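Each chain, letter by letter, is given below.
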Amino acid sequence: MKTLLSIALAAVLAISLAGCGKDAQAPAAPLVFNGKDITGASFAREFALTDHNGKARTLADFKGKLVVLFFGYTQCPDACPTTMAELAGVMKALGPQADQVQVLFITVDPERDTPALLAQYVPNFDKRFLGLWGDATATAKVAQEFRVFYAKAEGAKGNNYLIDHTTGSYVFDRAGKVRLFETRDLGVAQVTQDLRQLLR
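Residues numbered from 1 in each chain as written. Predicted model: local features only at pLDDT ≥ 70, side-chain atom pairs only at ≥ 80, totals over all residues. Heavy atoms only, no water.

Turning to the sheet that holds strand E2 (residues 48–51), a few remarks are in order. Spatially, eight strands are ordered E1-E10-E9-E4-E5-E6-E2-E3 in an open sheet, and the strand pairing comes out mixed. Both outer strands of the open sheet, strand E1 (36–37) and strand E3 (56–58), are each paired with one neighbouring strand and no more. Across four bridges, the pairing between strand E9 (residues 169–172) and strand E10 (residues 178–182) is antiparallel. Within the sheet, the bridge partner assigned to Ser169 lies in E10 and is Glu182. (Pairing = 2+ DSSP bridges. Helix = DSSP H or I, 4+ residues; strand = E, 2+ residues; numbered from the N terminus.)

Structural data, given as structure tokens:
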């Protein structure tokens, strides 16, 4: 009787262990983001621009970090400073994890936004932020790659004009793959939550 009981207990234990192993190998639940998940997109893959320190930059330079990329211009009256201030808030909310994130600001106004001007404007929000510049041709090329619209507003005269442009930020994972498009309606808390998920 003891032998039969021992065999039965061994069988139950074996089934329990097999079940544990199965659970351990089960795929993790898919991540749910606040921003638009564009993982696997065939656009927003690369850029070749110059940072505000005069250094040539591509997306590959930032592998190992999350990259948050925003298109704007320094004389923008609302969307750009608001977004940059919110991204600074995200960095603050992330605490020590912020060092694993790189925020990039690509100007859509290369005519007025010189690297020197970007060097004054962009780090004002957070000293770790980088401004990126390209001539008219390079700017048009990167905007096309990222499906970003920009154009001088109607009635523009001389050097005094506004630029209509796409707002929102692209987020890339540590491997340099585009993952999210964070729309302008999202606040600091929601963007922070998305970045924390990608930093896990």
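Once the structure has been displayed, the description carries forward.
Our next topic: unusual backbone geometry. Its identity is not glycine, yet Ala44 carries a phi of approximately 55°, on the positive side. The residue Ala44 is located in the loop between E1 and E2 in this model. Relative accessible area serves as the criterion here: at 1%, Ala44 is assigned to the buried category. Positive phi outside glycine occurs at Arg147, with the angle close to 55°. The topology assignment puts Arg147 in the loop between helix H4 (136–145) and strand E7 (150–152). Judged by its relative accessible area of 55%, Arg147 is exposed. (Buried < 20%, exposed > 50% of the residue type's maximum accessible area, 1.4 Å probe, protein only.)

This part is about the nonpolar core. Phe47, Leu69, Phe71, Phe146, Tyr170, Phe172 and Leu195 are the most contacted members of the largest nonpolar core, which totals 54 residues. Looking at which element gives the most residues to this core, the answer is helix H2 (residues 79–94), with eight residues. (Core = buried A, V, L, I, M, F, W, Y, C linked by side-chain atoms within 4.5 Å.)

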